[in-house]
Amino acid sequence: MKLPELFEGPTFSDGDIVSFSFDEVAVSLKVARLPSNSTKFNQVSTQSNFVESDLAGWQVLGATGFFDRDLVTQSWSYYRCDNHLKLAAVFFEVSVLRHSDEEADSLMSMNYHSFYNVWLEDFRELHGDFTPKVLEGSPSVGNDFLAQAIPHDDIDGLRVKLFINEGAPNPSTCGYFSLGRRYTLRINFHLSSVDYPDFDNPFDEEFYRELQEQLFDDFLANLSIEYTEEAKKTFRRLAGD
């Protein structure tokens, strides 16, 4: 990906590949290449094989029966090429949710329609009461959080806009991908402008919203999700029900 004029900083297409294995799927993605002396978040899971995981290192999500594990957490800044002032700040997180036995047995994550509906209902419960400062065009219960399918040959992913941080002026762009019956991959990507009282920012908020989408697309272009043949058979069977 080519950054806009004046922008300097990392992109996913120029990043480093990391890979993770689960019971029914292998995942590879690119993470941003950050300076070794960076003071920002730059954490990548040292565990890459989660086949028959014993849940060591997983976070229990209350009494829901679900577990959560961070795979990648990064943050970085974009700078102006001419004066090296910060133009934008980025937070990027990839995590995996381990479903309860009940959800895994239901094959919820193996059929896109049920996957979509279950996640949209979760978003309504978690974010339905939040009223963004900018109402027009903002994600909400009324517009299904601007949900879109992310095409995949076996089972589509889900792309939504969510106010993960209620103090943020703009929502994050988030992705959800089935990792078979037991896991879901989750991506949270947020970009915000950096303003100075003595310098006019040459870019408006619409520019930053569009740049966030372009960078998320750059991430998707470098994401590979390969399912086992048995998982593919289940996807096809459920899609025909």
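Peer 1: Help me understand the overall build of the protein chain in this model?
Peer 2: Secondary structure summary: the protein chain contains 4 helices and 12 strands in total. Counting only C-alpha atoms, the protein chain reaches 60 × 40 × 35 Å along its principal axes. Of all 241 residues assigned to the protein chain, the portion counted as buried reaches 47%. About 12600 Å² of surface is accessible on the protein chain, with carbon and sulfur atoms providing 48% of the total. When the 20 positive and 40 negative side-chain charges of the protein chain are each reduced to one mean point, those points stand 3 Å apart.

Peer 1: I tried to follow the pattern of salt bridges on my own but got confused; where do I start?
Peer 2: Side chains carrying opposite charge are able to pair once their charged atoms draw close together. Enumeration according to the criterion identifies 12 salt bridges in this entry. In this structure, R33 engages D16 in a salt bridge whose closest nitrogen and oxygen atoms are separated by 2.9 Å. Taken together, the residues span a long stretch of sequence, with R33 in the loop between β3 (25-31) and β4 (42-44) and D16 in strand β2 (residues 16-22) at a distance of 17 residues. A relative accessible area of 34% places D16 in the partly exposed class. A salt bridge links D144 to R124; the nearest nitrogen and oxygen atoms lie 3.2 Å apart.

Peer 1: It is not clear to me how the side chain of E24 should be interpreted in this structure. Could you clarify?
Peer 2: Among the secondary structure elements, E24 is positioned in the loop between β2 and β3. E24 sits in the buried class, given a relative accessible area of 12%.

Peer 1: What is the right way to read the sheet that holds β3 from this model?
Peer 2: Sheet strands pair by backbone hydrogen bonding; their relative direction is either parallel or antiparallel. With antiparallel pairing, 3 strands are arranged side by side in an open sheet as β2-β3-β12. Pairing within the sheet leaves two strands with one partner each, and these edge strands are β2 and β12 (224-227). Taking the axes of each pair of neighbouring strands and ignoring which way they run, one obtains an average angle of 15° across the sheet. Bridge analysis of β2 against β3 gives 7 bridges, and the strand direction is antiparallel. Residue pairing for β3: V18 is matched across the bridge by L29.

Criteria and cut-off values
Residues numbered from 1 in each chain as written. Predicted model: local features only at pLDDT ≥ 70, side-chain atom pairs only at ≥ 80, totals over all residues. Heavy atoms only, no water. Helix = DSSP H or I, 4+ residues; strand = E, 2+ residues; numbered from the N terminus. Buried < 20%, exposed > 50% of the residue type's maximum accessible area, 1.4 Å probe, protein only. Areas by Shrake-Rupley, 256 points an atom, 1.4 Å probe, with all protein chains shown as cover. Lys, Arg positive; Asp, Glu negative; His and termini not counted. Charge placed at Lys NZ, Arg CZ, Asp CG, Glu CD. Salt bridge = Lys/Arg side-chain N within 4 Å of Asp/Glu carboxyl O. Pairing = 2+ DSSP bridges. Axes fitted to C-alpha atoms, helices over the stretch in contact; angles between N-to-C directions.

In short, the description is geometric, and any link to function would need to be established separately.
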